[in-house]
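Architecture at a glance
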Amino acid sequence: MKDNFITAIIDAQQATSRSVQTRFPPEPNGYLHIGHAKSICLNFGIAARYAGQCLLRFDDTNPETARAKYAQAIAEDLRWLGFASAAPSRYASDYFAHLHASAVQLIEAGLAYVDTLSGAQLREYRGSLTTPGKESPDRNRSVAENLELFRRMSAGEFAPGACVLRAKIDMNSPNLHLRDPVLYRIRTQPHYRVGTRWKVFPLYDFTQCLSDAVEGVTHSLCTLEFEDNRPLYEWFLEKLQIPDPRPQQIEFARLKLNGTVVSKRLLTQLVDGGHVRGWDDPRMPTLRGLRRRGCPAEAIREFCAKIGLTKKDTTIDIQLLENCMREELDRTAPRAMAVLEPLRVVIENYPDGQEDSLPAANHPADAGFGERQLPFSREVYIERTDFMEQPPARYRRLAPGREVRLRYAYLLQCTGVEHDVHGRVVLVRGRIDPDSRGGRAPDGRKVRGTLHWVSAQHALEAEVRLYQPLFTDSDPTALGEQWLQALTPDSLQSGRAWLEPGLTAAPPGQVYQFERLGYFCADPDGSPQRPVYNRTVTLRDSWRPPG
RNA sequence: UGGGGGAUCGUCUAACGGCAGGACAGCGGACUCUGACUCCGUCAAUCUAGGUUCAAAUCCUAGUUCCCCAGCCA
């Protein structure tokens, strides 16, 4: 964990030898995305830096939305990200009895009351940003009456919406959150964990601070939009006489990434609207999407370390994430060859029917990856973009009369071109230097261009899925309700590719570098007969034709 | 016209009142059996206006501007 404004706060406290405990508190109502990863890395990183503990706590106070499948998926994603969290998960619903008793305590202290105002009235009485609120007629009910009403609420005697429990704070506060916030509401849906035992459920503000206190959380880190909630957080701790040291809420800026959306609500709409294939669609900034795309967990962690931490609203360039992926994958991905847009090359001086097997390094900088054998024959495919009849200046690839290297194979000189009736190149003829087997020039002559290739008769046909950013606009949310209009029309481009034969056996999730093309990850949709590869990220490409 | 926060290269992010540094992106070059990787170089910033000071991104004053808050969501 690098230094940031939160470590500075904690460092200052270390003088008084404060221990450190944090928590990651997702709601189990959706899947984790890269924005959560920022919070995860922060919370676990802080705990690790100060030799403390970070707990995973499901914030499952809302029975309408909390679901077991999400909790399970979140735990899974967290593990994948690299935070195994030895401690068992906690659940806010574990604390319902304690929370309820705390509510009773507030009522007894004259600090909470049951209000029968309707939702609409509640809103009206709350006032507005610029006008003060109005006290509810129920505000001065006696303690005994409140106790009795809350008991009946809790016993299920009232319908949802009939009444709520509110804190008695200040209807004139300029901070809307302090205008007698709702603590408990009635819900009849069974809760996925505690079933029908509870008829009343605590709201966020009441739950978060007390759960933190119960667990011994010292630093409760959350995003900026909760800044106004902090006085309320502290109010509960004080009125319930939580002993010092009390948990301290500190807010930081949430992550925004350009070219995508990072909000559960919006991501849900993408899935529900069929704009992507699901939560694990490789275009999604969800952890599952990134994983399926081939992004290593380590790259996400590195990314989170690099973006830093402040209270400033920021938008991170997606290229930083891509850079982290390339950095990690360059180290860890074995190399392979594949051709996306094939152009047939006939090697005139290589006998028809003859075959050879050529050794190729699986990683040019790490011999530990070993070698593999590549079949070679009279006809090979090269990338269509690696041949030009009239090449521009500084073009290092194949052109009539030019010589290039077929990687790990032979030096190849172009001797002819064939066109179809439209004048399109359909075939290239060439001759290899028989003394260059392995790709080395026998006389040491410089051959600038090196091309990837596959043997035509041995090539394995596969599907490749190429992805564009989901949105054409760097900030689609700036379009308000129209945000979906910024969707990239063909953000998924599915096509065929020809792979070297060894690639048939790759397990889903395995990432290769297809040399000169990019990193590609085996997709679970594939089979040994027809593999499917997702392009994780392209290689950097500094080649630009002049002009 | 309420309250709470924020403003440093294009984008992130550093800098006790003491040389505005780093990363990503861009550009140029070297190297290269991946136009990758690596290496080198380069471009580029303190929201504005006053003030305090030998010295201000930092302190003071006044502005500007952006974000958040009116769920029985979190």
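Throughout, a residue's number is its position along its own chain's written sequence, starting from 1. Labels are handed out in written order, letters beginning with A for the chains and numbers beginning with 1 for the ligands. Selection of residues for local features in this predicted model requires a pLDDT of at least 70, selection of side-chain atom pairs for listing and counting requires 80 or more, and totals for whole chains, interfaces and linings are taken over all residues. Computation of side-chain values: all heavy atoms of the structure, hydrogens and water removed.

**Things to note about the confidence of the model for chain A**
Confidence along chain A averages 96 in pLDDT terms, with 99% of residues attaining 70 or more. Predicted complex metrics record ipTM = 0.97 and pTM = 0.96. The pLDDT value expresses, per residue, how confident the predictor is, ranging between 0 and 100.

**With respect to the side chain of N229**
Along the polypeptide, N229 turns up in the loop between strand 8 (219–223) and helix 8 (230–239). Only protein chains enter the accessibility calculation, which uses a 1.4 Å probe; a residue whose area is less than 20% of its type maximum is buried, one above 50% is exposed, and one in between is partly exposed. Overall, the relative accessible area of 6% leaves N229 in the buried class. Residues adjacent in sequence count toward polar contacts only when both atoms are side-chain atoms; beyond that, a polar contact is any pair of N or O atoms within 3.5 Å, and within protein one must be able to donate a hydrogen and the other to accept it. There is a polar contact of 2.8 Å between the side chain of N229 and the side chain of D205. Leave out the neighbours within four places in its chain, and N229 touches H177, Y204 and D205. Numbering goes from the N terminus for both helices and strands, where a helix is a DSSP run of H or I of at least four residues and a strand is a run of E of at least two. What makes two residues a contact is simply this: any of their non-hydrogen atoms within 4.5 Å.

**Digging into the sheet that holds strand 17 (residues 411–419)**
Pairing between the strands of a sheet comes from backbone hydrogen bonds, and it takes one of two forms, parallel or antiparallel. Ordered by their spatial adjacency, seven strands build an open sheet running 19-16-17-18-12-15-20, and the pairing between neighbours is mixed. The open sheet is flanked by strand 19 (450–451) and strand 20 (453–455), the only strands paired with a single partner. Only strands that DSSP links by at least two bridges are regarded as paired with each other.

**Description of the protein's contact with RNA strand B**
Around RNA strand B, 65 residues are found, and the nearest of them are D59, K312, R335, G438 and Q513. R397 places a side-chain nitrogen or oxygen 2.8 Å from a base nitrogen of RNA strand B. At the level of secondary structure, the elements contributing two or more residues to the surface near RNA strand B comprise helix 5 (119–126), strand 6 (182–186) and helix 12 (318–332). Class assignment of the residues belonging to the surface near RNA strand B gives a composition of 19 nonpolar, 20 polar and 26 charged. For this purpose, a residue is taken to be near a molecule or strand whenever a single non-hydrogen atom of the residue falls within 4 Å of it. Polarity classes work like this: nonpolar for Ala, Val, Leu, Ile, Met, Phe, Trp, Tyr, Cys and Pro, charged for Asp, Glu, Lys and Arg, and polar for all others, with Gly in that last group.

**So, helix 11 (residues 297–307)**
Along helix 11, the positions that sit buried rather than exposed are A297, A299, I300, F303, C304 and I307. Projected down its long axis, helix 11 carries its buried residues within an arc of 160°, all on one side. The elements touched by buried residues of helix 11 are helix 2 (34–49), helix 3 (68–81), helix 10 (287–293) and helix 12. Taken from the residues just after helix 11, G308 is the one with a positive phi, measuring 75°. The arc in question is the one traced by the directions running from the helix axis out to the C-beta atoms.

**Focus on helix 1 (residues 5–13)**
Those residues of helix 1 lying buried are I6, T7, I10 and Q13. On an axial view of helix 1, the arc spanned by its buried residues comes to 115°, and they lie on one face. At its buried positions, helix 1 is contacted by helix 2, strand 8 and strand 9 (248–252).

**Remarks on the sheet that holds strand 4 (residues 112–115)**
A sheet is described by the order of its strands in space; here four strands give the open sequence 4-5-6-7, paired in antiparallel fashion. Looking at the sheet topology across the chains shown, the edges are occupied by strand 4 and strand 7 (200–202). The sheet shows a mean angle of 25° between the axes of neighbouring strands, taken without regard to direction. Between N-to-C directions, angles cover 0 to 180 degrees, with each direction set by a line fitted to C-alpha atoms, over the stretch in contact for helices. Relative to the sheet, helix 6 (residues 143–154) contacts strand 4, strand 5 (164–167), strand 6 and strand 7, its axis offset from that of strand 4 by approximately 60°.

**Let's talk about the environment of G45**
Within the fold, G45 resides in helix 2. Residues G45 and I250, 205 residues apart in the sequence, show an inter-C-alpha distance of 15 Å.

**A look at the nonpolar core**
Grouped together as the largest cluster of nonpolar side chains are 39 residues, with contacts concentrated most on I34, I40, L81, I300, F303 and M325. Sorting the residues of this core by element identifies helix 2, strand 2 (53–58), helix 3, helix 10, helix 11, helix 12 and strand 24 (518–522) as the ones contributing at least two each. Beyond its immediate sequence surroundings of up to four residues, L81 is in contact with A37, I40, L287, A297, I300 and R301. The next biggest cluster of nonpolar side chains, apart from the first, holds 33 residues, and it includes F158, L165, C209 and W235. We call a set of buried Ala, Val, Leu, Ile, Met, Phe, Trp, Tyr and Cys residues a nonpolar core when their side-chain atoms join them within 4.5 Å.

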